[in-house]
Amino acid sequence: MCCEDEVSVYPAAIAEMVAVARNRLRSPDTWGADSWGSAIVMRPGHHAGPAADAALEALWANFTDQRGPTAQEVAEAVIGAAPESGVPGLVLLSVSDADPAWTVPELPLVAVGAKVDIAVLVSYTGTTSMHMAIGTDTVRLHDGESALLEASIEGDQTCIPIWIDGIKTASPELFSRVAGGVINLSAETEVRWSVTDADHHAHFPHVALRKWDVHGRGYFHSRNSDVTVPPGTYRVRAASGIEFRPFEIVITVDAGEQAVITVDLERRIDPHAGGWWSADLHVHANYGGEYAISPDDALRMQRGESLDFMNLVAANQLTEHVHDLSLFRTALDHQLPGSHDAPAHIGIEYRNDLYGHFHVTGARSDVGRYQTGHAHGAINVDIPFNHEAAADFHSVDALVGYCHPVFPVWGDAPDEVLERVMGRTDPRSNEARCAVLDAALGVVDSIDVLSNGDDIASAELYRRMIGAGMRVAATAGSDSMLSLRHLGVHSNPPGWVRCYARTSERISLDSLREAVHTGRTIATNGPWLELEVNGHGPGDILRVDVPTRVMATVRVVTDGLCTVRLFRGSDVAHLWEIPAGAARDGWSGSAPVEISTSDALMVEVRGEADPLVLDDFAFAHTSPVYVFLGGAEVRRPKDVEWCLHWLDRLREFVARHGRGVEKRLPELDAQIASASRSLQGRNSQPS
């Protein structure tokens, strides 16, 4: 920051941000519509193993816009997934009118001095109700109800205190303390560390944020840390985003021993050398869960992932409460203090679960728009339409990008993207139904081809839009929720998917804005991908006067087996199959493309997951290189027809499912008609 006096109230905003987040996590009065944001409801499945994970995932799949899962439903899901012998990893506490009854699993070994999280599944049977407090978790239970609570203990403690209706008691011994050793971890800058024992249990430094990625691997970010562990064998892993190769070593630690591990990660790719800088446009600091995240916590994770730019977005869940709103209002047009070399900014996520969500980056001022259509929100109808909000954000110089455009559907569902999205029986699925309309109206800058959604389907939607002539960039937004410990991709680190913007020497809000506006971007979850067409890269326009042949050159870096597809609009122009290992140090291929009308060329790589990918498969996609023949812009007839059909289905969908939209439908009709004319009336091309 160059002008500290301009943000003199910033420390107060930080204090308010963290205090509000902490109070909401721990307070039972958040168990309403957005109850899933409370710490008790979001108790992670890592305490109870894979069976509980699956049960909780099924529970989450059925929550609606009316409310999230309750503490009772979460507890029932864990209990229902348990074997007859009990719930592995959990302490059970039954409370009735008689004395509390404890069921404790086999006592694990824990090193003296190590901090331990203890999860207690509390069940109550009684004639009235009971108020229970364990650690900082509190709950009031009625007859037949249960909840999953947690406490952290340290030093030489082996028991936890609890309060039942204000009366303090203590648990039996829950584990055994033994003399341990220390693993000293050191790197030149923050990295993402994982320390796991032979049973795949994670170990952490005393003060670290304890998080688990989508693969169930515990991790934390630091430069230098000491991890106190019982004697045994440990796998230590260090990683830092996708530009460096992970480091792994297996060591044995004895009691009283200190094992010193110093890492200097090997660079895998060097995007900066080509003017490419990374960004994650959709990261939540506080969004429920189990931590109250400060900007310092977020910046540490950003540095640990070698992420050049991060957009921390304030957002609501299902109510009128907007997480981190005070910080957004205070610092929205300022780079966060402390993010000197790797800028971080505060943005907003505008949410309508019927029309789709979009993230906002770099707004000069707060236009007062946060959400519509949530049953318990400040605006519980689906008015105004998304394009109105997007236009308002554009008016204050913000970048507007649709996030997680398409989600998967479990069970029988159409493969074709349009039919899948518009035929949903769960209409409030957060998918980008208004992306085609808003892009045609010119109020959207990008589509997150990579996100926490269905990337393959999102890429298909993106290519259809590009083929129809819409000028939007391919971007990436992780939807990482830094306050969550264990919830699939949402507890992945920021930047696990990221876009790269070609901004030359550095990245800033202004250079990112320019790169997105011109389409100089690629999106990836691990592979490095480049495209050149006669020497022109993504976002460039190659102008030709007569039909000609151009040469498309693709470069890929990824470890596993992969398929590379060169597209012109939605059509595949060329395909390469690359064997496992052939692209580890870089692979390139070229193909000629005949140009008889204006076209848009882009490329994707899809392959096996490699050690860097925090998802099921490796994927990357570029923005297009445009080839304009005779000055005409791109207008591929079948892609235009597809997008027009999307708009027709959108109108039907909104009329059927929208809340309070009836009087505004003529206005929507007018905007759809305008978008249709725009798609059909661009500079015509020869047929």
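Residues numbered from 1 in each chain as written. Predicted model: local features only at pLDDT ≥ 70, side-chain atom pairs only at ≥ 80, totals over all residues. Heavy atoms only, no water.

What follows concerns the overall build of the protein. Counting secondary structure elements, the protein contains twelve helices and 36 strands. Taking 2.2 N^0.38 as the reference for a compact globule, 687 residues should give roughly 26 Å; the C-alpha atoms of the protein span a radius of gyration of 26 Å, in line with that estimate. Taking contacts inside the protein between residues at least 6 apart in sequence as the whole, the part at least 24 apart equals 73%. By element, 49% of the accessible surface of the protein is carried by carbon and sulfur atoms, the whole surface being about 25500 Å². When the 56 basic and 93 acidic side-chain charges of the protein are each reduced to a single mean position, those positions are 5 Å apart. (Helix = DSSP H or I, 4+ residues; strand = E, 2+ residues; numbered from the N terminus. Rg over C-alpha atoms; globule rule 2.2 N^0.38 Å. Contact = heavy atoms within 4.5 Å. Areas by Shrake-Rupley, 256 points an atom, 1.4 Å probe, with all protein chains shown as cover. Lys, Arg positive; Asp, Glu negative; His and termini not counted. Charge placed at Lys NZ, Arg CZ, Asp CG, Glu CD.)

Another point: the side chain of Asp-445. Tracing the chain through its elements places Asp-445 in the loop between helix H8 (435–440) and strand S23 (446–450). Put simply, Asp-445 is tucked away with no salt bridge, and the nearest opposite charge, on Arg-513, sits 7.8 Å away. A polar contact of 2.8 Å, which involves the side chain of Asp-445, links it to the side chain of His-394. Leave out the neighbours within four places in its chain, and Asp-445 touches His-394, Ala-398, Leu-399, Val-400, Val-472, Ala-473, Val-516 and His-517. (Buried < 20%, exposed > 50% of the residue type's maximum accessible area, 1.4 Å probe, protein only. Salt bridge = Lys/Arg side-chain N within 4 Å of Asp/Glu carboxyl O. Polar contact = N/O pair within 3.5 Å; in protein donor to acceptor, adjacent residues only side chain to side chain.)

With that out of the way, let us pick up the packing of aromatic side chains. Applying the stated criterion to the full structure yields twelve aromatic pairs. Members of the aromatic cluster, each reached through a chain of ring pairs, are Tyr-350, Phe-358, Phe-393 and Tyr-402. Above the ring of Phe-567, the side-chain terminus of Arg-463 is found at 3.7 Å from the ring centroid. Above the ring of Tyr-626, the side-chain terminus of Arg-471 is found at 4.3 Å from the ring centroid. (Phe/Tyr/Trp six-rings, centres within 6.5 Å; stacked < 30°, edge-to-face > 60°. Lys NZ or Arg CZ within 6 Å of the ring centre and 35° of its normal.)

Take the pattern of salt bridges next. Scanning the model with the defined rule gives 44 salt bridges in all. Between Arg-192 and Glu-305 there is a salt bridge, and its shortest N-O distance comes to 2.7 Å. Of this pair, Arg-192 sits in strand S11 (residues 181–197) while Glu-305 sits in the loop between helix H4 (295–304) and strand S18 (309–316); the two residues are 113 residues apart in sequence, bridging distant segments of the chain. In this structure Arg-192 comes out as buried when scored by relative accessible area, which is 8%. Overall, Glu-305 belongs to the buried group, its relative accessible area being 1%. When the shortest N-O distance is used, the salt bridge between Glu-248 and Arg-235 registers 3.0 Å. Remark: Arg-235 occurs in strand S14 (residues 232–239) and Glu-248 occurs in strand S15 (residues 247–253); sequence separation between them is 13 residues. One salt-bridge network, held together by shared partners, links Arg-464, Arg-568, Asp-571, Asp-599, Arg-636, Lys-638 and Asp-639.

In space, the four strands of this open sheet follow the order S6-S5-S8-S9, with antiparallel pairing throughout. Pairing within the sheet leaves two strands with one partner each, and these edge strands are strand S6 (137–142) and strand S9 (167–170). The average undirected angle you get between the axes of adjacent strands in this sheet is 25°. Bridge analysis of strand S5 (residues 129–134) against strand S8 (residues 161–164) gives three bridges, and the strand direction is antiparallel. Looking at S8, one finds that Ile-134 is bridged to Ile-162. (Pairing = 2+ DSSP bridges. Axes fitted to C-alpha atoms, helices over the stretch in contact; angles between N-to-C directions.)

Let us look at the packing of helix H9 (residues 455–467) against helix H11 (residues 637–657). One can describe the packing of H9 onto H11 by two numbers: an axis separation of 7 Å at closest approach and a directional angle of 115°. Here H11 runs roughly perpendicular to H9, going by the angle between their axes. The handedness of the crossing between H9 and H11 comes out as left-handed. Across from Leu-461, Arg-463, Arg-464, Met-465 and Gly-467 in H9, the residues of H11 making contact are Lys-638, Asp-639, Trp-642, Cys-643 and Trp-646. Of the residues contributing to the contact of H9 with H11, the split by class is five nonpolar, one polar and four charged. (Parallel < 35°, antiparallel > 145°, perpendicular 65-115°, else oblique. Left-handed = near helix turned anticlockwise from the far one by under 90°. Nonpolar A, V, L, I, M, F, W, Y, C, P; charged D, E, K, R; others polar.)

A separate point is H4. Most of H4 sits out of view: seven of its ten residues are buried. Residues Pro-295, Asp-297, Ala-298, Leu-299, Met-301, Gln-302 and Gly-304 constitute the buried set of H4. Positive phi shows up at Ser-306, right after H4, with a value of about 50°.

On to the pairing of strand S31 (residues 562–568). Counted residue by residue, S31 has seven buried out of seven residues, so it is predominantly covered. On S31, burial covers both faces: Cys-562, Val-564, Leu-566 and Arg-568 on one face and Thr-563, Arg-565 and Phe-567 on the other are all buried. Both S31 and strand S32 (residues 571–578) contribute to a ladder of seven bridges, which runs antiparallel. Note on S32: the bridge partner recorded for Arg-568 is Asp-571. The hairpin turn running from S31 into S32, its antiparallel successor, is two residues long, and Gly-569 in that turn takes a positive phi close to 60°. In this sheet, strand S34 (residues 599–608) lies alongside S31 in antiparallel orientation, the contact comprising seven bridges. Its bridge partner being in S34, Arg-568 is matched across the sheet by Leu-601.

Put simply, Ile-383 and Pro-384 share a cis peptide bond, and its omega is 5°. Within the secondary structure, Pro-384 sits in the loop between strand S21 (356–361) and helix H6 (386–394). Phi at Asp-165 is positive, roughly 50°, even though this residue is not glycine. Along the chain, Asp-165 falls in the loop between S8 and S9. For Asn-534, which is not a glycine, the phi torsion comes out positive at approximately 50°. Tracing the sequence through the fold places Asn-534 in the loop between strand S28 (528–533) and strand S29 (541–544).

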